[in-house]
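Residue-level structural notes
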Amino acid sequence: RGKKKAHHMTSFLADNLSSSPSSDGSTFVHTPISRGVEAAVWITCTLSIIGSCFIVVSFLLFRDFQRSQSRRLLVLLSLCDLVTAVAYIMRPPYSTRLVLCHAQSAINIYANTASFIWTDFVALFVLLSRKYGMTQASKFVPLFHIIAWTVPAISVICVISWNKWGNDYGDATAYWCWIRAQDNQHEALLWHVIAGKGVEWASTISITIIYILVFYDLRQKVVQSPATQLLLTHHTGTAWKNTEKKLLAIPFIFIVLRLPGNFRTILASINNESEVVHWQWLIIMQAIGDSGQGFANGILFGLFTEKVRTYYYKLIERCTSRGTENNLNNADVYYKSECTPTIREI
């Protein structure tokens, strides 16, 4: 089996790859990539950068968001997604520079792992704030920071120490550098788990459980409480339905986005000689899913959040109409020269 695998890798390299010297004198394998995969990576990463920046800019513009601890955690998650998207496109797939491959690998591992952890902690903070109140939930934030920034660093240090970073020739990625190809498939799976897949799989389970708990907690308090039913207006009822949909959509979207990448990772660890691993349409799906988290968060926590839309509607309205003095006195958002927004108590 080992000779067969070695022959397969040799044939694959000979037929599909070419070697070029890097600027530092080392040789790096040049991995060809289809235009479809490259386009998917660039388009999705660009959308994720826009979505992540939208969340960060909204946080900086509106003081109400700055006072929200959950929004602060969401900004940290968005920054991780932003770094991940930039890392995916920082090294062109046709680059022959080994140093760029190693840099991309290290940044990918750190930013991706931190993103998964912050995704968990955003969900956990929502649950804790529902159960114990915002003040008590905020006491866990320092612990969140310690875990979220330390665990990815440990993963990166392990990968670098054992020299496992590099190119896998598209076995488990959309042709970006992550964990280099391994001769032993079980060893490859082990390092994939260490380099972020373990945290990702744990996150998939945990956020699903957490958001289901939050969903049923809200439903019990809002829908099954007679007192609350009497206070529900058409507006608040619509808002509750939208919240229901979002709570169910968050874990569903997370799972769907990561499904192609997880499928290819598991399949490659079982038999990376399978043609399915290198199906172009499946690699394109992974390129979209793995780099689309920032875009998905921008849609869910930005455009699909009524409070965010309302603030931007006011900002655009005041900036275009300039408003009357009376409107300015009663507005939540007012402007100085050049329509620079300053936020009052909202």
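Structural notes, computed from the coordinates.

Calculation criteria
- Residues numbered from 1 in each chain as written.
- Predicted model: local features only at pLDDT ≥ 70, side-chain atom pairs only at ≥ 80, totals over all residues.
- Heavy atoms only, no water.
- Salt bridge = Lys/Arg side-chain N within 4 Å of Asp/Glu carboxyl O.
- Helix = DSSP H or I, 4+ residues; strand = E, 2+ residues; numbered from the N terminus.
- Buried < 20%, exposed > 50% of the residue type's maximum accessible area, 1.4 Å probe, protein only.
- Axes fitted to C-alpha atoms, helices over the stretch in contact; angles between N-to-C directions.
- Parallel < 35°, antiparallel > 145°, perpendicular 65-115°, else oblique.
- Contact = heavy atoms within 4.5 Å.
- Nonpolar A, V, L, I, M, F, W, Y, C, P; charged D, E, K, R; others polar.
- Core = buried A, V, L, I, M, F, W, Y, C linked by side-chain atoms within 4.5 Å.
- Patch = residues over 30% accessible without salt bridge, like charges linked within 9 Å, V, L, I, M, F, W, Y side chains within 5 Å.
- Areas by Shrake-Rupley, 256 points an atom, 1.4 Å probe, with all protein chains shown as cover.

1. Here's the deal with the pattern of salt bridges
In a structure, side chains of opposite charge can pair up when their charged atoms sit close to one another. Counting across every chain of the model gives eight salt bridges. The shortest N-O distance in the salt bridge between Asp217 and Lys131 comes to 3.8 Å. On the criterion of sequence distance, the pair formed by Asp217 in helix α8 (residues 185-222) and Lys131 in helix α5 (residues 98-132) is long-range, its members being 86 residues apart. Residue Asp217 is classed as buried on the basis of its relative accessible area, which comes to 7%. In this structure, Glu317 engages Arg318 in a salt bridge whose closest nitrogen and oxygen atoms are separated by 2.7 Å. Here Glu317 falls in the partly exposed class, since its relative accessible area comes to 44%. Overall, Arg318 belongs to the buried group, its relative accessible area being 14%.

2. A closer look at the packing of helix α4 (residues 69-90) against helix α7 (residues 141-161)
Between α4 and α7, the least distance of the axes is 12 Å, while the angle of their chain directions is 10°. Considered as vectors, α4 and α7 are oriented roughly parallel to each other. Touching Gln69, Leu73, Leu76 and Cys80 of α4 are Val141, Phe144, His145 and Trp149, all from α7. By residue class, the composition of the contact of α4 with α7 is six nonpolar, two polar and no charged.

3. Some thoughts on the nonpolar core
By size, the foremost hydrophobic cluster in this structure holds 41 residues, and its most contacted members are Leu73, Trp118, Phe144 and Tyr211. Ranked by residue count, the leading element in this core is α5, at ten residues. Ignoring anything within four residues of it in the chain, the contact list for Leu73 reads Trp118, Phe121, Val122, Phe125, Val141 and Phe144. If you look at the next biggest cluster of nonpolar residues, it comprises twelve residues, including Val41, Tyr88, Ala174 and Trp176.

4. Examining the environment of Ser274
Locating Ser274 in the fold gives a position in the loop between α10 (234-271) and α11 (280-290). Of the residues examined, Ser274 reaches a relative accessible area of 16% and is grouped as buried. Sequence-wise, Ser274 and Asp171 are 103 residues apart; in three dimensions their C-alpha atoms are separated by 9.9 Å.

5. Here's the deal with a nonpolar patch on the surface
Residues Ile43, Leu47, Ile50 and Phe295 make up a contiguous nonpolar surface patch of roughly 360 Å² in combined accessible area. Per-element accounting of the nonpolar patch gives the leading share, three residues, to helix α2 (residues 35-61). Here Leu47 lies in helix α2.

As far as function goes, none of this settles anything; it's purely spatial.
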